[in-house]
Amino acid sequence: MGNSLKAIVAFVPSDKCQKYLLEDLEEMPVDKMVDLSGRQLRRLPLHICSFRELVKLYLSDNNLNHLPPELEQLQNLQILALDFNNFKALPLVVCTLKQLCILYLGNNKLCSLPLELRLLQNLKTLWIESNCLQCLPEVVCELSLLKTLHAGSNALRTLPAQLRCLQELRTIWLSGNLLSEFPSVLLDMPFLEVIDVDRNSIRFFPSLAHLPGLKLVIYDHNPCRNAPKVAKGVRRVGRWSEETPEPRKRSRAVIAITLNEKPSPPPATKPEPE
């Protein structure tokens, strides 16, 4: 079925037309995954909510702005992709899916997140990039198992001090925000492995050499006057990244740290839960 026909059918609310968009998806697939990405959906067909053993549900790139309360029946769901839709608020029914490990909310119109998000205590990966967030919602700091946070391309100017409570957090992506200073809370998070503050407005970087877990820092496209100092073996991407933070002379030669590779951006394909 062509995209133009899908777009026309999507406007018709009848169950028959909505079922047509499912392309004869009558029973739950053996792999317990349903991918309805790019189907021009304007509402989630209720038939999907009857697949109670469903583990993965991809609804990316549709025209959704709400979800039915029947979604609560999917209590085995571990991955939910709602990115590239029209959500102005996260439907509260999502917060009832307590087995969720990965939640994709990027490229919507979210200005905040509900306090009920704290109920998702199994969440390990949260994508909230490309929304309308002017501050990182403090409720994110209550997701105790969170390991990866993608919050790039918003309008963040600071980070909450409570973020240091996320002791399982290993990767934080903050590129494309409005940070004018390096977030001081990150200096108190020795367990971080990847820090991305690319494309902000940071003019000075404090030393990061005291962070024992750090493996990679991306600080390119900032109007900075210095490169962040890092411990030996930590990769840096940005201005002066191929220079050692504190040159040491040995036999009248300066030993420089050379970075031959650039790290990949956040994966385009959606990862599996750990």
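Residues numbered from 1 in each chain as written. Predicted model: local features only at pLDDT ≥ 70, side-chain atom pairs only at ≥ 80, totals over all residues. Heavy atoms only, no water.

1. Side note on the overall build of the chain
Scanning the chain from terminus to terminus reveals two helices and 12 strands. Along its sequence from the N terminus, the chain presents helices and strands in the succession α-α-β-β-β-β-β-β-β-β-β-β-β-β. Considering only residue pairs separated by 6 or more positions, the chain has 26% of its internal contacts joining residues 24 or more positions apart. (Helix = DSSP H or I, 4+ residues; strand = E, 2+ residues; numbered from the N terminus. Contact = heavy atoms within 4.5 Å.)

2. Here we look at the sheet that holds strand S6 (residues 148–150)
The sheet built from 10 strands is open, its strands ordered S1-S2-S3-S4-S5-S6-S7-S8-S9-S10 with parallel pairing. Of all strands in the sheet, those bounded by a partner on one side alone are strand S1 (33–35) and strand S10 (235–237). Across the sheet, the axes of successive neighbouring strands diverge by a mean angle of 5°, strand direction being ignored. Bridge analysis of strand S7 (residues 171–173) against strand S8 (residues 194–196) gives three bridges, and the strand direction is parallel. Counted as the bridge partner of Trp 173 is Asp 196 from S8. (Pairing = 2+ DSSP bridges. Axes fitted to C-alpha atoms, helices over the stretch in contact; angles between N-to-C directions.)

3. A short note on the side chain of Glu 129
Looking at the secondary structure, you find Glu 129 in the loop between strand S5 (125–127) and S6. Leave out the neighbours within four places in its chain, and Glu 129 touches Gly 106, Asn 107, His 150, Ala 151, Gly 152 and Asn 154.

4. Quick word on the environment of Leu 115
Tracing the sequence through the fold places Leu 115 in the loop between strand S4 (102–104) and S5. Owing to a relative accessible area of 53%, Leu 115 belongs among the exposed residues under this scheme. Linking Leu 115 and Pro 137, residues 22 residues apart in sequence, is a C-alpha distance of 8.9 Å. (Buried < 20%, exposed > 50% of the residue type's maximum accessible area, 1.4 Å probe, protein only.)

5. Brief notes about unusual backbone geometry
Its identity is not glycine, yet Ser 130 carries a phi of approximately 55°, on the positive side. By the secondary structure assignment, Ser 130 is in the loop between S5 and S6. Positive phi values are uncommon outside glycine, yet Arg 199 reaches one of about 60°. With respect to the helices, strands and loops of the structure, Arg 199 is situated in the loop between S8 and strand S9 (216–218).

6. Side note on the side chain of Asn 177
One can find Asn 177 in the loop between S7 and S8. Classification of Asn 177 as buried rests on a relative accessible area of 5%. A distance of 3.3 Å separates a polar atom in the side chain of Asn 177 from the backbone nitrogen of Ala 155. A polar contact is formed between the side chain of Asn 177 and the backbone oxygen of Leu 174, at a distance of 3.0 Å. (Polar contact = N/O pair within 3.5 Å; in protein donor to acceptor, adjacent residues only side chain to side chain.)

7. Let's talk about the environment of Ser 175
Structurally, the position occupied by Ser 175 is in the loop between S7 and S8. In this structure, the C-alpha to C-alpha distance between Ser 175 and Asp 198, residues 23 residues apart in sequence, is 4.5 Å. Ignoring anything within four residues of it in the chain, the contact list for Ser 175 reads Gly 152, Ser 153, Asp 196, Val 197, Asp 198, Arg 199 and Asn 200.

8. So, the confidence of the model for the chain
Residues of the chain with pLDDT of at least 70 account for 80%, and the chain-wide mean is 87. Note that pLDDT drops below 50 for residues 245–265; the model gives that stretch 32 contacts with residues more than four away or on any other chain. (pLDDT = per-residue confidence, 0-100.)

9. Let's talk about the pattern of salt bridges
Taken as a whole, this structure holds four salt bridges when the rule is applied. Here Glu 142 and Arg 118 are joined by a salt bridge, their closest N and O atoms 2.8 Å apart. Here Arg 118 lies in the loop between S4 and S5 and Glu 142 lies in the loop between S5 and S6, a separation of 24 residues in the sequence. Its relative accessible area of 34% is what places Arg 118 among the partly exposed residues. Across the pair Asp 188 and Arg 164 runs a salt bridge, and its minimum N-O distance is 2.8 Å. Of the two residues, Asp 188 sits in the loop between S7 and S8 while Arg 164 sits in the loop between S6 and S7, which places them 24 residues apart along the sequence. Given the relative accessible area of 36%, Arg 164 is considered partly exposed. (Salt bridge = Lys/Arg side-chain N within 4 Å of Asp/Glu carboxyl O.)

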